[in-house]
Amino acid sequence: MLDKLKRRRTQYALGKNLLISETQVDGLIREAIRLSPSSFNSQSSRAVILFGKESDKFWSIAREALRAIVPAADFDATAKKIDGFASGAGTVLFYEDQEPVKALQANFPLYAHNFPIWSEHSTGMAQLAVWTTLADVGIGASLQHYHPLVDAEVAKTWNIPESWTLRAQMPFGSNEAAFAEKTFIDDELRFRTHR
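Predicted model, so just to flag it, every value in this text is computed and none were measured.

**Brief notes about unusual backbone geometry**
For the bond running from H147 to P148, omega is 5°, close enough to zero to count as cis. Structurally, P148 is set in the loop between β4 (139-141) and α7 (151-158). For F40, which is not glycine, the phi torsion reads 55° and is therefore positive. Given a relative accessible area of 43%, F40 falls into the partly exposed group. Of note, the phi angle at N41 is positive, near 55°, even though the residue is not glycine. Secondary-structure assignment places N41 in the loop between α2 (22-34) and β2 (45-51). A relative accessible area of 53% means that N41 is categorised as exposed.

Quick look at the structure:
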């Protein structure tokens, strides 16, 4: 498993040349999320998987939402960043369904305050599972956060249920550039082991 995690890296230079079919990619994303853990097996993670023009549509929504808030003098850099995400083969929109979270809060009131936190853990694990699974088959990706700016337009465009809360966006595609060497902070700053 560690060798798979080592292959999971942020890739901004994305292309549309997938090594496997869109159907296979879709299946891998679904299975990675399906196998991801969730508190009390709530299975609260949801995903909208966009390919091709549908993915382009999402990044167009993000671009226009940003145009409304980014100063005109700075918008070219923002637009280039969005264009980079749109250059990929697709995008996964990660959601958490609040209905299972609310049901758990009602059924287990002693832990009610924790279920929203544990839902965030679930989406993080689903995101890592998808990212690692894609990396394992040679597909590059990055994790982005353009919510809540895009939420309303995205919900309208893809008929997203009201109980789904957008948590992250993952553009993916072929790796069009090599990865830079990954650096790590000193273990002494990060870990403590007691025996």
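**Some remarks on the pairing of strand β3 (residues 90-97)**
Counting buried residues in β3 gives eight out of eight residues, a clear majority hidden from the surface. Side chains G90, V92, F94 and E96 of β3 all project onto a buried face; the interleaved residues T91, L93, Y95 and D97 project onto the opposite face, where all are buried too. Pairing between β2 and β3: seven bridges, direction antiparallel. Among the inter-strand pairings, L50 is bridged to a residue of β3, identified as T91. Direction of pairing for β3 relative to strand β5 (residues 164-175): antiparallel, over a ladder of eight bridges. Across the sheet, F94 pairs through a bridge with A168, a residue of β5.

**A word on helix α6 (residues 115-136)**
The end-to-end C-alpha distance of α6 is 31 Å, a good match for the 32 Å that 22 residues give at a rise of 1.5 Å each. Of all the positions in α6, only F115, S119, S122, T123, A126, Q127, V130, W131, T132, L134 and A135 are classed as buried. Directly after α6, the chain includes G138, whose backbone phi takes a positive value near 80°.

The rules behind the values
Residues numbered from 1 in each chain as written. Predicted model: local features only at pLDDT ≥ 70, side-chain atom pairs only at ≥ 80, totals over all residues. Heavy atoms only, no water. Helix = DSSP H or I, 4+ residues; strand = E, 2+ residues; numbered from the N terminus. Buried < 20%, exposed > 50% of the residue type's maximum accessible area, 1.4 Å probe, protein only. Pairing = 2+ DSSP bridges. Expected span 1.5 Å × (residues − 1).

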